[in-house]
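# What the coordinates show
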Amino acid sequence: MSTVKIYHNPRCSKSRQTLSLLEEQGVQPEIIKYLETPPDEQTLAEILDLLGLEPRELMRKREKEYKEAGLDDDSLTREEQIALMVKYPKVIERPIVIANGKAAIGRPPEKVLDIL
């Protein structure tokens, strides 16, 4: 199996549950605390492509940063949305697991089992 990565927020219960589920499967993923080390724009664009999502579909719209950053502006281009997600990583949905050239959002945590 290739390296498994989890974009993780230890304060998020779904993120903790997903990490535990991976470990129960014998997977020791590379843990990326994305609030401390956000993905760069190219990496986030690649993650979106793996997920088959547009940027807004991977945003946490209830976070105050969503409105503060102007991410609710429908005129923003895909590139502008990605740049703002990198600048305000709290708006990125979590956890995201990457494995075997695929990606999944751990909501519910069991969804990540499909890509292992």
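Residues numbered from 1 in each chain as written. Predicted model: local features only at pLDDT ≥ 70, side-chain atom pairs only at ≥ 80, totals over all residues. Heavy atoms only, no water.

Moving on: the overall build of the chain. A tally of helices and strands in the chain yields 4 helices and 4 strands. Along its sequence from the N terminus, the chain presents helices and strands in the succession β-α-β-α-α-α-β-β. Taken over C-alpha atoms, the radius of gyration comes to 14 Å for the chain, in line with the 13 Å a tight globule of 116 residues would show. Seen through its principal axes, the chain has C-alpha atoms that stretch 45 × 25 × 20 Å. The buried share of the chain, taken over its 116 residues, is 47%. Sequence separation of at least 24 residues holds for 64% of the intrachain contacts in the chain that already meet a minimum separation of 6. Accessible surface for the chain amounts to roughly 6500 Å². Of this, 45% is attributable to carbon and sulfur atoms. Looking at the chain, you have 18 positive and 21 negative side-chain charges, and the mean spots of the two groups are 6 Å apart. (Helix = DSSP H or I, 4+ residues; strand = E, 2+ residues; numbered from the N terminus. Rg over C-alpha atoms; globule rule 2.2 N^0.38 Å. Buried < 20%, exposed > 50% of the residue type's maximum accessible area, 1.4 Å probe, protein only. Contact = heavy atoms within 4.5 Å. Areas by Shrake-Rupley, 256 points an atom, 1.4 Å probe, with all protein chains shown as cover. Lys, Arg positive; Asp, Glu negative; His and termini not counted. Charge placed at Lys NZ, Arg CZ, Asp CG, Glu CD.)

Moving on, we get to the nonpolar core. With 25 residues, the main nonpolar core has Leu44, Leu51, Leu58, Leu71 and Ile96 as its most contacted residues. Listing elements by their share of this core, those giving two or more residues are helix H2 (41-51), helix H4 (78-87), strand E3 (96-99) and strand E4 (102-105). The element that contributes the greatest number of residues to this core is H2, accounting for 5 residues. Filtering out sequence-adjacent residues up to four positions away, Leu51 remains in contact with Leu58, Ile96, Ala103, Ala104 and Ile105. Residues Leu21, Leu22, Val27 and Ile115 belong to the second largest nonpolar core, which totals 11 residues. (Core = buried A, V, L, I, M, F, W, Y, C linked by side-chain atoms within 4.5 Å.)

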